Amino acid sequence: MLGLQRQSGSTGELHRSARTHGLIARVRRLLGAREPAPDRYLARTLEEELERAGCPVCRLLARKELRGLEALLWEQVTDPLTHRRLLSSRGFCFEHTWALIPAGSLVHSHHGVAIILDRLLRDFLARAGTGGVEVARRWLRPDAPCPACEWNRAAEDTLLWALAWLAGRDPSLVTEGPAVLCRPHAAALIEYVPTERRPALERRILARQERALREGTAEERLGLFFGRRPHELPPRAVSCPACVRARRSLVDDGSWRQSRLHAWVAWLDAPERVGEALGRGFPNPNGRLGHPAPLRAPETPVAPLCLGHLRQLLVTTGSREALRAALEGLERLAEALEGFIASADYRFTSELTPAQRRSWRQVVARFAGETPGVGLHDPLSGSPVRRCE
């Protein structure tokens, strides 16, 4: 049996929210209050998704996530309030920074991606260039969580509550149809269900998952174990040398098992080896799925580092030489980015250089990093865990 263990790490907040909802529901029942019901549109949307293969919660979250980023790129690129909010969060986490690429394609606004990240990059250059290592370290520590992660957490909470309400009236909706909940969402759903109904529903969900494991492809099994595939994954790391080393070790040392993002990046690099590991059962080292491994600083201050690895280097060594080398590389990137942004003006008549054409994707890689777990929204070793995923 798979077992629906309550997970820690990246899904911890989801389960805490589910337990809070469960407690509120029990208090309502004790007081004889009427149980609230989801609105008809939400209920019908979930019912339709339950008629399709795959995890309905993952699918709806992916759709909402992309719509939110599309709206930002279409309507809010030059909005001052949006800029201040993104400055506070230093942009987005690993997953949602890379998701700006498909979102930009949908609204034909890769210039919007460039404008948003250019403003953040220039703020960092201005502050770190005059303030030195200490100011750079402070800037590289976000003051707010990734805004897209916040949207997702609120939506996930609502979807699971509504799904639990539907399952309470007809458990077969989540246990007998073509849909099958991924492990993280199945474990979270159980927390929304009244205590006396949990064992029976859990057994039925596990039986449905086991059928899906027997019948599914390796990629479908990976989605069942870890949840949805991100909208965009970085190709094999070629830019940040520290990301290159970390990415190579994902499959070799088994660290791909620690989170959904690690698992999908490893699948991109070595699908055969990940598929083979999945065939041996649920990959859950020490019962700590999602628990982040300690982050190590880059071995050498080689530019250009992504901002996450630059932060690690500055925190552990305080190297002025490393900061100076990084700033020089980022200045060149900002110059190329300026040319790319200028090309959106109808008065632009020049030809873009190859560096300018690449600049918008390169700035995405600098802010996000090319391997999960090392970005600005990931915890440094020894610091309190506040992780976006």
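Being a predicted model, the structure only gives us computed values, none of them experimental.

Describing the overall build of the protein
Working step 1: Along its length, the protein carries 17 helices and zero strands.
Working step 2: Across the 389 residues of the protein, 53% fall into the buried class.
Working step 3: Restricting the contact set of the protein to residue pairs at least 6 apart, pairs at least 24 apart contribute 78%.
Working step 4: As displayed, the protein offers around 18,200 Å² of accessible surface, 52% of which is attributable to carbon and sulfur atoms.

Observations concerning the packing of aromatic side chains
Working step 1: Taken as a whole and judged by the stated rule, the model has two aromatic pairs.
Working step 2: The interplanar angle of 50 degrees and the centroid separation of 5.1 Å between the aromatic rings of F124 and W139 together place this pair among those described as tilted.
Working step 3: Between F226 and W256, the aromatic rings sit 6.1 Å apart at their centres with planes inclined by 55 degrees, giving tilted as the arrangement. Of this pair, F226 sits in helix α11 (residues 218–226) while W256 is found in the loop between α12 (241–252) and α13 (260–269), placing the two residues 30 residues apart along the sequence. As far as burial versus exposure is concerned, F226 and W256 are alike and both buried.
Working step 4: Directly above the aromatic system of W139 lies the positively charged group of R90, at a separation of 4.6 Å from the ring centroid.

A few points about the pattern of salt bridges
Working step 1: Applying the stated criterion across every chain, the model contains 22 salt bridges.
Working step 2: Salt-bridge contacts for R127 lead to D123; the nearest nitrogen and oxygen are separated by 3.0 Å. Of the two residues, R127 and D123 are both situated in helix α6 (residues 110–139); the distance of four residues between them amounts to about one turn of the helix.
Working step 3: Residue classification places D123 among the buried residues on the basis of a relative accessible area of 18%.
Working step 4: Each member of the salt-bridge network shares a partner with another, and the members are E49, R52, R59 and R63.

Quick word on the side chain of S359
Working step 1: Among the secondary structure elements, S359 is positioned in helix α17 (residues 354–368).
Working step 2: At 2.7 Å, the side chain of S359 forms a polar contact with the backbone oxygen of Q356.
Working step 3: Filtering out sequence-adjacent residues up to four positions away, S359 remains in contact with L333, A336, L337 and F340.

Comments concerning helix α5 (residues 94–106)
Working step 1: At L100, α5 is bent by approximately 30 degrees, the largest bend along its length, and proline P102 sits one to four residues beyond.
Working step 2: Most of α5 sits inside the fold, with 11 of its 13 residues counted as buried.
Working step 3: Where α5 is concerned, the buried positions are F94, E95, H96, T97, W98, A99, L100, I101, P102, A103 and G104.
Working step 4: Tucked into the core, α5 has its buried residues touching α3 (56–75), α6, α7 (147–169), α13 and α17.
Working step 5: At the C-terminal side of α5, H108 shows a positive phi close to 55 degrees.

With respect to the confidence of the model for the protein
Caution applies to low-pLDDT parts of the model: their predicted coordinates are not meant to be read in detail.
Working step 1: Per-residue confidence for the protein gives a mean pLDDT of 86; residues scoring 70 or more make up 83%.
Working step 2: This model gives residues 285–295 a pLDDT under 50, and the stretch forms 29 contacts once residues within four places in sequence are excluded.

Let's talk about the nonpolar core
Working step 1: Ranked by size, the top nonpolar core spans 82 residues in total, and within it L73, F124, L222 and W256 carry the most contacts.
Working step 2: At 12 residues, α6 tops the list of elements feeding residues into this core.
Working step 3: Setting aside residues up to four positions removed in sequence, L73 forms contacts with L100, A103, G104, V107, S109, G112, V113 and I116.
Working step 4: Core analysis: the next-biggest nonpolar cluster, separate from the first, contains 30 residues, C55, A162, W165 and I205 among them.

So, how was this worked out
- Residues numbered from 1 in each chain as written.
- Predicted model: local features only at pLDDT ≥ 70, side-chain atom pairs only at ≥ 80, totals over all residues.
- Heavy atoms only, no water.
- Helix = DSSP H or I, 4+ residues; strand = E, 2+ residues; numbered from the N terminus.
- Buried < 20%, exposed > 50% of the residue type's maximum accessible area, 1.4 Å probe, protein only.
- Contact = heavy atoms within 4.5 Å.
- Areas by Shrake-Rupley, 256 points an atom, 1.4 Å probe, with all protein chains shown as cover.
- Phe/Tyr/Trp six-rings, centres within 6.5 Å; stacked < 30°, edge-to-face > 60°.
- Lys NZ or Arg CZ within 6 Å of the ring centre and 35° of its normal.
- Salt bridge = Lys/Arg side-chain N within 4 Å of Asp/Glu carboxyl O.
- Polar contact = N/O pair within 3.5 Å; in protein donor to acceptor, adjacent residues only side chain to side chain.
- Bend = angle between axes of the 7 residues up to and from the residue.
- pLDDT = per-residue confidence, 0-100.
- Core = buried A, V, L, I, M, F, W, Y, C linked by side-chain atoms within 4.5 Å.

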